[in-house]
Amino acid sequence: MTNHWVDIRNADVILVMGGNAAEAHPCGFKWVTEAKAHNKAKLVVVDPRFTRTASVADYYVATRTGTDIVFLGAIVNYLLTNDKIHHEYVRNYTDFSFIVREDFAFNDGIFSGYDEKAGKYTDKSSWNYEIGEDGFAKVDPTLQHPRCVYQLMKAFYSRYTPEKVQQICGVSPEQFHKVAETLASTAVAGRAATILYALGWTHHSTGAQTIRLGAMVQLLLGNMGIAGGGMNALRGHSNIQGLTDLGLMSNLLPGYMTLPFEKEQGFDDYIAARASKPLRPNQLSYWSNYKKFHVSFMKTWWGDFATAENNWAYDYLPKLDKPYDLLQAIELMDKGQMNGYICQGFNVIASAPNKAKVTRALAKLKFLVVMDPLETETAEFWKSHGEFHVVDSSKIQTEVFRLPTTCFAEERGSLVSSSRVLQWHWQGVEAPGKALPDMDIMAGIFLRMKAMYQKDGGKFPDPILNLTWPYNKPFAPTPEEVAMEFNGKALADITDPKDPTKILAKKGDQLNSFALLRDDGTTTSGNWIWAGCWGTSGNQMGRRDNSDPTGIGNTLNWAWAWPANRRVLYNRASCDVNGKPFDPTRKLVSWNGTTWSGADVPDFKIDENPAGGMNPFIMNAEGVARFFARGMMNEGPFPEHYEPFENPVGKNLMHPDNPKATSNPGARVFPGDRADFGTANEFPVVATTYRLTEHFHFWTKHARLNAIIQPEQFVEIGEALAKQIGVASGETVKVSSKRGHIISKVIVTKRIRALKIDGKETHTVGIPLHFGFKGLTKPGYLTNTLTPSVGDGNSQTPEFKSFLVKVEKA
């Protein structure tokens, strides 16, 4: 979230799109009801299903899954065409005036730099600004230059009309205009809109670009950095935010630093590519401090073995030749190119797309380690479970090791919520049997591996042998020790650069801020964005003071939020260029003549006089927010609609004559997976997956109370489709895709209705994902029996939310 849960109550308009907060986040949804009750906020829901969120909305619009970029692109066009934008905000705080290179082009769905033979964009150099002789990006404050971002964006989205929304999304122009006008009402000081989204946006082959386009709408309206505004991702797990913060993705290091690529063998080149220099005068460009974050991290991991002489152990880091995400890992297994796999708190056969491929891939491993408190489908993939999972165990070579872990209530430590708040939780009960905390198990594996390297040697064992392990009980690190480690400490006295006689942190002290990090090896921090969560005053995550002195909803003494305990990111943008709040009634920060202060921790250089021209978006080299993404996205600098890889129309109606632009040209598709895609001729119904309030992912089917209230697998279809295939609620249907089938009870509802797409009636089926062949619920099929193995062009998140099936009476 750019903002936080409580801040939702400050909104005047709430758009829920790509999410279902009332059912998937019922506790957090109370802040939506607070906004409606006390702020007279309007709730708008755009979703393929009439969800419980939609049931309390002021306005609901049914749309086709996988087409949200068309809808949002038309919103952008509406705002620009009708001059419904926050002029002062976009002129000063966005890249509207930046001039794009002359060789940048977009033709029939494809941007410049596309390599047809490679099937991807191999040259993004044209996706950039013109740079002047002074090294800064050229701008045109009048916004008249034909290649300034404003003019390019206006022309680009002029193609996205209400008529296209009707043709592609199935939404009437009247419905569309109602949503557009409601959002446009917040393009003024004194009103705010927030967007709430979740997996309904991320689980697409264009998911990252959909989120970008939502943020672009918010920028046009001046809704980023303000109370009641923002782009608020509703994370699906209690600690999924912490997972990404700590870099548990194949290409990340903690704090959203990245691993080097294979071509980046030199440390200086690696740093230079990430420590971005300002693209305009007097801009902060805070990633210019990347070396401080990186060196402090390397000192945390390798201590005295990370020195200036060996470039802070840079050679210890792997250099990526390609992304090694989940889909890539399964592909390697399937090709017999991976020996072992550790599933830690992860039910891969249930959570990954195309169950048949995952089962085949796991069967080719030499060993599989499952760390989990529950008996998962993955742990028993090797044996048949009736009709729900059929395998020949005699042909599976994989040896499975099951290591029982503790559950969340049996351990203590920190969790990071959607609001970026690090909260400490305490242990409730002792673990049963031989279950151990994950950290104990990982410590045991690591220390045994290290002993093997010490005894037997090996190729380049240095990263293992020299890894810092400073815990009092090496086989049982405590959560407190690890928390203090990812916060960081001073290895020497840290002095003020402006006054060397002033000591900011004494040697051995826990650090109170990432501003104290240094690139000379005198500080550690396992995760720079968390620096301050356990400072000299102790564990800030355990604080429980929910006082709200300003009434704005910022409870700064409740736990601790990254970065620096600020609750609303880019809150400097809530003020005009002179530092005065656009909306004094919802003031977050302001300039008082000598410093920035207010109800939140300023997301800005605290003593920076507004007269100096420093802009609010301090992490960007431009100093302003980007509409034009430059080379940072894999399918283009502006979000463009591409169809899901399985879609009911067979072409991109934005580019009907260019088959290369049908689906995301920046997405990676393995040849075998492409062969498993179905077509509308054979599979005419659109399918989407969703979650139920009564279950949490694949966990709670093991809990008796949850199994009682939601005991059996079902699929949900509309009345028109039910009539067409001749079924009634409670009967059984077979749902098939190119990859397999499930047989399930059916619920016929009014919640999913047929839409007219390009003049043709198109049906959608909703499939809850929670069921499987292990647990206390009635045995069922894994939903990912049906889903295709293809991911987003940037994150590689699988396209679970839009694929094709056939539905028939069983």
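As a reminder, the structure under discussion sits directly above these lines.
Residues numbered from 1 in each chain as written. Predicted model: local features only at pLDDT ≥ 70, side-chain atom pairs only at ≥ 80, totals over all residues. Heavy atoms only, no water.

Visitor: An account of the overall build of the protein chain is needed here, citing residue identities and associated values.
Guide: From N to C terminus, the protein chain includes 22 helices and 31 strands. What you see for the protein chain is a C-alpha radius of gyration of 26 Å, in line with the 28 Å of a compact globule of 810 residues. Counting only residues that meet the buried cut, the protein chain has 57% of its 810 residues in that class. By sequence separation, contacts in the protein chain at least 24 residues apart represent 70% of the contacts at least 6 residues apart. As displayed, the protein chain has an accessible area near 32,800 Å², and 53% of this comes from carbon and sulfur atoms. With 88 positive and 85 negative side-chain charges, the protein chain shows a separation of 3 Å between the mean positions of the two kinds. (Helix = DSSP H or I, 4+ residues; strand = E, 2+ residues; numbered from the N terminus. Rg over C-alpha atoms; globule rule 2.2 N^0.38 Å. Buried < 20%, exposed > 50% of the residue type's maximum accessible area, 1.4 Å probe, protein only. Contact = heavy atoms within 4.5 Å. Areas by Shrake-Rupley, 256 points an atom, 1.4 Å probe, with all protein chains shown as cover. Lys, Arg positive; Asp, Glu negative; His and termini not counted. Charge placed at Lys NZ, Arg CZ, Asp CG, Glu CD.)

Visitor: Could you give an account of the packing of aromatic side chains, naming the residues involved and the relevant values?
Guide: Scanning the entire structure with this criterion turns up 47 aromatic pairs. Ring centres 5.6 Å apart and planes at 80° place the aromatic pair Phe71 and Phe176 in the edge-to-face group. Of the two residues, Phe71 is situated in helix α4 (residues 68–81) and Phe176 in helix α8 (residues 173–184); the sequence distance between them amounts to 105 residues. Of the two residues examined, Phe71 and Phe176, each falls in the buried class. The interplanar angle of 45° and the centroid separation of 6.5 Å between the aromatic rings of Tyr89 and Phe582 together place this pair among those described as tilted. Of the two residues, Tyr89 is situated in helix α5 (residues 87–93) and Phe582 in the loop between β21 (560–561) and β22 (589–591); the sequence distance between them amounts to 493 residues. Here Phe582 falls in the buried class, since its relative accessible area comes to 16%. The positively charged end of Arg49 is found above the aromatic ring belonging to Tyr690, 3.4 Å away from the centroid. (Phe/Tyr/Trp six-rings, centres within 6.5 Å; stacked < 30°, edge-to-face > 60°. Lys NZ or Arg CZ within 6 Å of the ring centre and 35° of its normal.)

Visitor: So, the packing of α4 against helix α10 (residues 207–221): which residues are in play, and what are the values?
Guide: One way to put it is that α4 packs onto α10 with a least axis distance of 9 Å and a crossing angle of 20°. Considering their axes alone, α4 and α10 lie roughly parallel with respect to each other. Between α4 and α10 lies a crossing of left-handed hand. Residues Asp68, Ile69, Leu72, Gly73, Ile75, Val76, Leu79 and Leu80 of α4 form the contact with α10, whose own contacting residues are Gln209, Thr210, Leu213, Gly214, Val217, Leu220 and Leu221. A per-class count over the contact of α4 with α10 returns 10 nonpolar, four polar and one charged. (Axes fitted to C-alpha atoms, helices over the stretch in contact; angles between N-to-C directions. Parallel < 35°, antiparallel > 145°, perpendicular 65-115°, else oblique. Left-handed = near helix turned anticlockwise from the far one by under 90°. Nonpolar A, V, L, I, M, F, W, Y, C, P; charged D, E, K, R; others polar.)

Visitor: Please give an account of the pattern of salt bridges that cites residues and values.
Guide: Under the defined criterion, the tally for this structure stands at 39 salt bridges. Note that Arg412 is salt-bridged to Glu480, the shortest N-O span being 2.8 Å. With a gap of 68 residues between them, Arg412 in the loop between β14 (399–403) and β15 (413–416) and Glu480 in helix α19 (residues 479–487) connect regions that are remote in the sequence. Classification of Arg412 as partly exposed rests on a relative accessible area of 32%. (Salt bridge = Lys/Arg side-chain N within 4 Å of Asp/Glu carboxyl O.)

Visitor: Talk me through the sheet that holds β21; I want residue IDs and the actual numbers.
Guide: In spatial order, the strands read β15-β16-β21; together these three strands make up an open sheet with antiparallel pairing. Among the strands making up the open sheet, the edge pair consists of β15 and β21. (Pairing = 2+ DSSP bridges.)

Visitor: Any chance you could break down the nonpolar core for me, citing the residues and the numbers?
Guide: If you look at the biggest cluster of nonpolar residues, it comprises 124 residues, and the most contacted ones within it are Phe71, Phe96, Leu220 and Trp528. Broken down by element, the residue count for this core peaks at 10 residues, all from α4. Grouped together as the second largest cluster of nonpolar side chains are 45 residues, Ile717, Phe773, Leu786 and Val807 included. (Core = buried A, V, L, I, M, F, W, Y, C linked by side-chain atoms within 4.5 Å.)

Visitor: Residues and numbers for the sheet that holds strand β12 (residues 340–344), please.
Guide: One open sheet holds the three strands; their spatial order is β12-β13-β14, and the pairing between them is parallel. Two strands close off the open sheet at either side, each with one partner strand: β12 and β14. Strand after strand, the sheet turns through a mean of 15° between neighbouring axes, direction not considered. Pairing of β12 with strand β13 (residues 367–371) involves five bridges; the strand directions are parallel. Each residue of the ladder has a partner; that of Ile342, found in β13, is Val369. Packed onto the sheet, helix α17 (residues 438–456) meets β12, β13 and β14 and runs at close to 150° relative to β13.

Visitor: Kindly report on a nonpolar patch on the surface, identifying the contributing residues and their values.
Guide: Side chains of Leu705, Ile708 and Ile709 sit close together on the surface and give an oily, nonpolar patch of about 350 Å² of accessible area. On the secondary structure map, Ile709 appears in helix α21 (residues 704–709). (Patch = residues over 30% accessible without salt bridge, like charges linked within 9 Å, V, L, I, M, F, W, Y side chains within 5 Å.)

Visitor: Account for the side chain of Asn706, naming residues and giving values.
Guide: Position of Asn706 relative to the elements: it lies in helix α21. A polar contact of 2.8 Å, which involves the side chain of Asn706, links it to the backbone oxygen of Glu694. With residues near it in sequence (within four places) discarded, Asn706 still touches Glu694, His695 and Thr700. (Polar contact = N/O pair within 3.5 Å; in protein donor to acceptor, adjacent residues only side chain to side chain.)

Visitor: So, the side chain of Thr777: which residues are in play, and what are the values?
Guide: Along the chain, the position of Thr777 falls in the loop between β30 (764–768) and β31 (803–809). Residue classification places Thr777 among the buried residues on the basis of a relative accessible area of 6%. Beyond its immediate chain neighbours, meaning those up to four positions away, Thr777 contacts His695, Lys701, Ala707, Gln710, Pro711 and Phe771.

Visitor: Which residues make up the packing of α4 against helix α6 (residues 149–157), and what values go with them?
Guide: Angle between the axes and distance between the axes: these two values describe a pair of packed helices. In contact at an axis separation of 9 Å, α4 and α6 are set at 120° when each is read in the N-to-C sense. Regarding the angle of α4 to α6, the classification is oblique. Crossing handedness for the pair α4 and α6: left-handed. Along the contact surface, α4 presents Gly73, Val76, Asn77 and Leu80, while α6 presents Tyr150, Met153, Lys154 and Tyr157. Here the contact of α4 with α6 is built from residues that sort into five nonpolar, two polar and one charged.

Visitor: Hey, could you go over the pairing of strand β27 (residues 740–749) for me, with residue numbers and the actual values?
Guide: Here five bridges tie strand β25 (residues 714–718) to β27, and the two strands are oriented parallel to one another. Following the sheet pairing, Gly718 is matched in β27 by Thr749. Direction of pairing for strand β26 (residues 732–737) relative to β27: antiparallel, over a ladder of six bridges. By the bridge assignment for β27, Val735 is matched with Ile742. Between the end of β26 and the start of β27, which pair antiparallel, lie two residues.

Visitor: Pulling in residues and values, what's your account of α10?
Guide: An ideal rise of 1.5 Å per residue puts 21 Å on 15 residues; α10 measures up with 22 Å between its terminal C-alpha atoms. Burial of α10 is extensive: 14 of the 15 residues sit out of reach of the surface. Of the residues flanking the end of α10, it is Gly222, one or two places downstream, whose phi is positive at about 75°. (Expected span 1.5 Å × (residues − 1).)

Visitor: Explain α6 to me, using residue names and the numbers behind them.
Guide: Each turn of an α-helix holds 3.6 residues, which means side chains three or four residues apart point in the same direction. Residues of α6 that are buried: Val149, Tyr150, Leu152, Met153, Phe156 and Tyr157. Buried residues of α6, seen end-on, are gathered within an arc of 165° and therefore sit on one face of the element. Packed against the buried residues of α6 are α4, β4 (106–107), β5 (110–111) and α10. (Arc of directions from axis to C-beta.)

Visitor: Account for unusual backbone geometry, with residues named and values stated.
Guide: For residues other than glycine, phi is negative in most cases, and the peptide bonds are mostly trans. Here the residue pair Trp562 and Pro563 is connected by a cis peptide bond, since its omega of -10° sits within 30 degrees of zero. Looking at the secondary structure, you find Pro563 in the loop between β21 and β22. With a phi close to 65°, Leu143 is a non-glycine residue in the positive phi region. Tracing the chain through its elements places Leu143 in the loop between β7 (120–121) and α6. Assessed through its relative accessible area of 6%, Leu143 is described here as buried.

Visitor: Talk me through the environment of Glu622; I want residue IDs and the actual numbers.
Guide: By secondary structure assignment, the location of Glu622 is in the loop between β23 (596–598) and α20 (671–675). Judged by its relative accessible area of 1%, Glu622 falls in the buried class. Remark: the alpha-carbon pair of Glu622 and Ser285, spanning 337 residues in sequence, is separated by 7.3 Å. Excluding anything up to four places from it in sequence, Glu622 contacts Phe98, Tyr129, Leu279, Arg280, Gln283 and Arg630. In terms of polar contacts, Glu622 uses its side chain to reach the side chain of Tyr129, at 2.8 Å. Looking at Glu622, its side chain comes within polar contact range of the side chain of Arg626, at 2.8 Å.

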